[in-house]
Amino acid sequence: MSDRTLKVLIIPGWFPGALDRNTGDFILKQAKDLAKSADMQVLIAHAELSYRFWNRPKYWLRKRTFEEQDGITIYRYTGLSLPRVKYRIFHLWRNQILTFINSIIDEIGEPDVIHAHTFLGGFIAAGIKAKRPHIPVVVTEHSDLLFGVPQRYKKIVVDAYEKADRVIAPSQALAHQIDKWRGGTPLMRIPMSVDEKYFYLPFHRRKIVQPIQLITVSELVPVKNVALQIEVLDDLIQSQYPAELTIVGDGPSYISLHRLAKEHDVLSYVHFKGWKEPHDVANLLRASDIYLSTSRRETFGLSILEALSCGIPVVSTRSGGPEDMISDRNGLLVDSDRRSLSHAIRRVVEKIEINPTYPFTDADLYSWESVAKRLYILYTDLQ
């Protein structure tokens, strides 16, 4: 890239922490990808952002910790809860985090660029820029709240985007939503990257045999609409079309999904796997025939990209991010209803049996090298 080493300070809105080790793991991966380059020194300043602190007294003790991990330096500040209401309270909350981050900057020196993730990270970065206006700020948005911003966040979003030098959208659908808030700040499209260490094509194409193996990898929350997949599975079985569904992930909807599968009398055909490490997810994907995504909103769709990278065709609802990745060559996009989804599954199975070519992803677009290079060029352009 160049002979110059850039110091990049990352401020995540979500990040693996004490309360949830999986939240924002894609941000941690991108940081590690950047650190693979000899041209970047990557530091992360993370303050735990969780409503759940209110009910977890043992996390009320405020403390600062430090660790080195795969070439990146991570500073953590725990003991703060994200305020629910009032712009003024958000400022008080941000000021406490700014004290933490400014102390880090005083120790290590000013970064060449600040890269914040989500409008919450951008709001914090805007506070740094108010006193250090010469440091460029980049904000990558990931939050599906942009599809319907709650009143309490509206000023936060505006402040985050207006103070940024660039705003990045991983998908076209999210770019459209950001356009409503960014003012004159330039907008770029840079996707997330796939972890090629785990998610790659198998050496041999899996031969389809009945029952058809369906799979989804998702946080089990209402917006992911996994209940629709269980209903579709019931339709397939009732029509004498043998199928099984593997659900990988955890979340508050698990109990209701388990109950729904039992009510539809398909519990024996549904396999709840819980949260899995990436290598286990990849193995489950390669043992499946079709990946299902029934989300109501997707800002990108990293699990879809991982499935495609493993050679698994995808049937997805039209929910935003998937539209960038899915075509008739690697799956189908459908409306969010049982009949459309069931019909699409049958069509994709027939297509695979007739023409068993691998679905594809664009390595020039989604590889870690490509994304890291585009970010480096952006950082240097802002100097």
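Here we summarise the structure given alongside this text. Computed from a predicted structure; not experimentally measured.

## Digging into the pattern of salt bridges
Right, so step 1: If you walk through the whole model with that rule in mind, you get 16 salt bridges.
Right, so step 2: Its salt-bridge partner being Glu107, residue Arg64 comes within 3.1 Å of it at the nearest N-O pair. Taken as a pair, Arg64 in strand S3 (residues 63-69) and Glu107 in helix H2 (residues 87-108) lie far apart in primary sequence, 43 residues in all.
Right, so step 3: On the accessibility criterion, Glu107 (53% relative accessible area) is exposed.

## Here we look at the pairing of strand S2 (residues 40-47)
Right, so step 1: Counting buried positions along S2 gives 7 out of 8 residues, so the element sits mostly inside the fold.
Right, so step 2: Of the pairings in the sheet, the one linking strand S1 (residues 6-11) to S2 comprises 5 bridges and is parallel in character. Considered in S2, the bridge of Leu9 is made with Leu43.
Right, so step 3: Relative to strand S4 (residues 72-78), S2 runs parallel, the two sharing 6 bridges. Residue pairing for S4: Ala47 is matched across the bridge by Tyr77.

## Points about the nonpolar core
Right, so step 1: Membership of the largest hydrophobic core comes to 47 residues, with the highest contact counts inside it found for Leu285, Tyr291 and Tyr379.
Right, so step 2: Elements that contribute at least two residues to this core include exactly S1, helix H1 (25-35), S2, S4, strand S9 (212-217), helix H8 (278-286), helix H9 (302-309) and helix H12 (368-381).
Right, so step 3: Grouped together as the second largest cluster of nonpolar side chains are 40 residues, Trp93, Ile101, Leu120 and Val149 included.

## A short note on the sheet that holds strand S12 (residues 290-293)
Right, so step 1: The strand order across the open sheet built from 6 strands is S11-S10-S9-S12-S13-S14, with neighbouring strands paired in parallel fashion. Each having just a single partner strand, strand S11 (270-274) and strand S14 (331-334) make up the two edges of the open sheet. Between one strand axis and the next, the sheet turns by 20 degrees as a mean value, whatever way the strands run.
Right, so step 2: As paired strands, S9 and S12 are joined by 2 bridges and run parallel to one another. The residue of S12 that forms the bridge with Ile215 is Tyr291.
Right, so step 3: Sheet contacts for helix H6 (residues 227-238): S9, strand S10 (243-248), S11 and S12; angle to S10, the most-contacted strand, approximately 165 degrees.
Right, so step 4: Taken strand by strand, H8 contacts S9, S10, S11 and S12, and its axis lies near 150 degrees from that of S9.

## Things to note about empty space enclosed by the protein
Right, so step 1: Within the structure shown, the criterion is met by 4 cavities of 30 Å³ or more.
Right, so step 2: There is about 80 Å³ of room inside the largest cavity.
Right, so step 3: Surrounding the largest cavity, 12 residues form its lining, Arg205, Arg206, Ser288, Gly311 and Ile312 being those nearest its centre.
Right, so step 4: The residue inventory of the lining of the largest cavity, partitioned by class, reads 6 nonpolar, 2 polar and 4 charged.
Right, so step 5: Lining the second largest cavity are 10 residues, with Ala45, His46, Ala47, Ile97 and Ile124 sitting closest to its centre.
Right, so step 6: Classifying every residue of the lining of the second largest cavity gives 9 nonpolar, 1 polar and no charged.

## Topic: the packing of aromatic side chains
Two numbers describe a pair of aromatic rings. These are the distance of the centres and the angle of the planes.
Right, so step 1: Tallied over the entire structure, the rule returns 10 aromatic pairs.
Right, so step 2: Here the aromatic rings of Phe66 and Tyr75 are separated by 5.3 Å at their centres, their planes lie at 55 degrees, and the arrangement is tilted.
Right, so step 3: On the numbers, 5.8 Å between centres and 90 degrees between planes, the contact of Phe90 with Trp93 is edge-to-face. With Phe90 and Trp93 both in helix H2 and 3 residues apart, the pair spans about one turn of that helix. This pair shows no difference in class: Phe90 is buried, exactly as Trp93 is.

Thresholds applied
- Residues numbered from 1 in each chain as written.
- Predicted model: local features only at pLDDT ≥ 70, side-chain atom pairs only at ≥ 80, totals over all residues.
- Heavy atoms only, no water.
- Salt bridge = Lys/Arg side-chain N within 4 Å of Asp/Glu carboxyl O.
- Helix = DSSP H or I, 4+ residues; strand = E, 2+ residues; numbered from the N terminus.
- Buried < 20%, exposed > 50% of the residue type's maximum accessible area, 1.4 Å probe, protein only.
- Pairing = 2+ DSSP bridges.
- Core = buried A, V, L, I, M, F, W, Y, C linked by side-chain atoms within 4.5 Å.
- Axes fitted to C-alpha atoms, helices over the stretch in contact; angles between N-to-C directions.
- Contact = heavy atoms within 4.5 Å.
- 1 Å grid on protein atoms, 1.4 Å probe; cavity = no way out; pocket = protein on both sides within 12 Å on 5 of 7 lines; lining within 4 Å.
- Points joined across faces, edges and corners; volume = space filled by probe spheres on them.
- Nonpolar A, V, L, I, M, F, W, Y, C, P; charged D, E, K, R; others polar.
- Phe/Tyr/Trp six-rings, centres within 6.5 Å; stacked < 30°, edge-to-face > 60°.

By themselves, these observations are geometric and do not establish any function.
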